[in-house]
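Fold and geometry: a report
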Amino acid sequence: MFNDKLTAFAKHWGFRPRACAPYRARTKGKTENGVGYVKRNAVAGRTFRSWEAFEAHLEAWTREIADLRQHGTTGEAPIERFRRAEAHALKPIAGRPPFQAARELIRRVQADCAVEIDGNAYSVPWRLIGETVRATIADGVVRIHHGIHEVAVHPICVGRRRRVVDPKHFEGLTGFKPSRAGELALSPVAAPSPTLLRPLGEYEAIVGGGF
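My aim in this report is to walk through the structure given alongside it, one point at a time. What you see is a predicted model, and the numbers here were worked out from it, not measured in a lab.

A few words on the overall build of the protein chain. Looking only at helices and strands, one finds five helices and nine strands in the protein chain. The order of helices and strands in the protein chain, counted from the N terminus, is α-α-α-α-β-β-β-β-β-β-β-β-β-α. Taking all 211 residues of the protein chain together, the buried fraction comes to 19%. In the protein chain, the proportion of contacts linking residues at least 24 apart, taken out of those at least 6 apart, comes to 40%. Approximately 16200 Å² of the protein chain is accessible, and the part contributed by carbon and sulfur atoms is 57%.

A word on the sheet that holds strand 1 (residues 103-108). Across a sheet, strands are paired by hydrogen bonds formed along the backbone, either parallel or antiparallel in direction. Here four strands make up an open sheet; going across it, the order is 1-4-5-6 and the pairing antiparallel. Whereas interior strands pair on both sides, the edge strands pair on one side only; in this sheet they are strand 1 and strand 6 (149-155). Across the sheet, the mean angle from the axis of one strand to that of its neighbour is 25 degrees, orientation sign disregarded.

With that out of the way, let us pick up the packing of aromatic side chains. What the rule picks out here adds up to four aromatic pairs. Residues Tyr 37 and Trp 61 carry aromatic rings whose centres are separated by 5.4 Å and whose planes lie at 45 degrees to one another, so their mutual orientation is tilted. You can see Tyr 37 sitting in helix 2 (residues 25-43) and its partner Trp 61 sitting in helix 3 (residues 51-66), a full 24 residues away along the chain. Looking at Tyr 37, the relative accessible area reads 18%, which means it is buried. In this structure Trp 61 comes out as buried when scored by relative accessible area, which is 6%. For the ring pair Phe 48 and Phe 54, a centre distance of 4.9 Å and an interplane angle of 55 degrees mean the geometry is tilted. Residue Phe 48 is classed as partly exposed on the basis of its relative accessible area of 30%.

Applying the stated criterion across every chain, the model contains seven salt bridges. For Glu 76, the salt bridge goes to Arg 81, with nearest N and O atoms at 3.2 Å. A salt bridge links Arg 143 to Glu 150; the shortest N-O distance between them is 3.2 Å. Ionic contacts of the salt-bridge type, sharing partners, join the residues Glu 76, Arg 81 and Arg 84 into one network.

A separate point is the nonpolar core. Membership of the largest hydrophobic core comes to 16 residues, with the highest contact counts inside it found for Val 109, Val 115, Ile 117, Tyr 122, Val 133, Val 142 and Ile 144. Elements that contribute at least two residues to this core include exactly strand 2 (114-117), strand 4 (132-138), strand 5 (141-146) and strand 6. Element by element, the count of residues in this core is highest for strand 4, at three residues. Setting aside residues no more than four positions away along its own chain, Val 115 makes contact with Arg 107, Arg 108, Val 109, Asn 120, Ala 121, Tyr 122, Val 133 and Ile 144.

With that settled, the discussion passes to the sheet that holds strand 7 (residues 163-164). As summarised here, the arrangement of the three strands in space is 2-3-7, forming an open sheet in which the pairing is mixed. A strand with exactly one partner marks an edge of an open sheet, and here the two such strands are strand 2 and strand 7. As judged from the two bridges shared by strand 3 (residues 120-123) and strand 7, these two strands associate in the parallel manner. Residue Ala 121 lies in a different strand from strand 7, and its bridge partner there is Arg 163.

Turning to the environment of Arg 108, a few remarks are in order. Along the chain, Arg 108 turns up in strand 1. Considered as a pair, Arg 108 and Gly 130 are 22 residues apart in the sequence and their alpha carbons are 6.1 Å apart. For Arg 108, the contacting residues outside a window of four places in its chain are Ala 114, Val 115, Gly 130, Glu 131 and Thr 132. Within the structure, Arg 108 has its side chain in polar contact with the backbone oxygen of Gly 130 (distance 2.6 Å).

With that out of the way, let us pick up a nonpolar patch on the surface. On the surface, a nonpolar cluster with roughly 330 Å² of combined accessible area is contributed by Phe 2, Leu 6, Phe 9 and Phe 15. Residue position: Phe 15 is located in the loop between helix 1 (4-13) and helix 2.

This part takes up the pairing of strand 6. Sheet analysis places strand 5 next to strand 6, joined by six bridges and oriented antiparallel. When the bridges of strand 6 are listed, Val 142 appears paired with His 154. Connecting strand 5 to the antiparallel partner strand 6 that follows it, the hairpin turn spans two residues, and Gly 147 within it adopts a positive phi of roughly 65 degrees.

Criteria and cut-off values
- Residues numbered from 1 in each chain as written.
- Predicted model: local features only at pLDDT ≥ 70, side-chain atom pairs only at ≥ 80, totals over all residues.
- Heavy atoms only, no water.
- Helix = DSSP H or I, 4+ residues; strand = E, 2+ residues; numbered from the N terminus.
- Buried < 20%, exposed > 50% of the residue type's maximum accessible area, 1.4 Å probe, protein only.
- Contact = heavy atoms within 4.5 Å.
- Areas by Shrake-Rupley, 256 points an atom, 1.4 Å probe, with all protein chains shown as cover.
- Pairing = 2+ DSSP bridges.
- Axes fitted to C-alpha atoms, helices over the stretch in contact; angles between N-to-C directions.
- Phe/Tyr/Trp six-rings, centres within 6.5 Å; stacked < 30°, edge-to-face > 60°.
- Salt bridge = Lys/Arg side-chain N within 4 Å of Asp/Glu carboxyl O.
- Core = buried A, V, L, I, M, F, W, Y, C linked by side-chain atoms within 4.5 Å.
- Polar contact = N/O pair within 3.5 Å; in protein donor to acceptor, adjacent residues only side chain to side chain.
- Patch = residues over 30% accessible without salt bridge, like charges linked within 9 Å, V, L, I, M, F, W, Y side chains within 5 Å.

Shape is all these values report; function is a separate question.
Take a look at the structure:
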């Protein structure tokens, strides 16, 4: 079974993924061998000043070495095989929007009525404290679902250790009240009535015996 995101990506770009058979060197082994070739021939023993320098080196290596060598399996240069048998199969992508891959995370709602994502806290309805929710991050928005229901929508917060709060998520929760935009304040709790602070001995005397 393919991952749902891979299936959606393949459908968007119009190709069909095929899985390699397990323990079959003619398929999976050849893919892994190509990774080893790049490591040994293009990378090993070299250092680079920056990531950009590394990318430039790989581009030149592919164009001047890898694409021009005689491939051990096909017996011809990869660039010649590409031009002869593969280039015509490519489809134009002009005008087709890019595939918008979304991140999906599973989180547990903490006691502060929020879930942590990338170092920031995003509020959810307080009744979900202790529940597991699914957060989807895409197009600059965090969407949080509990089961099939969308329970919160927030803009992605830039930075770390910040809180993004929807005051509606705390309606009906004793002890909290809205403060400034995006924040919450704990309402002061009134001191208990003096009549509730009497020693237990006074109650014993009233009911005529000890507890």
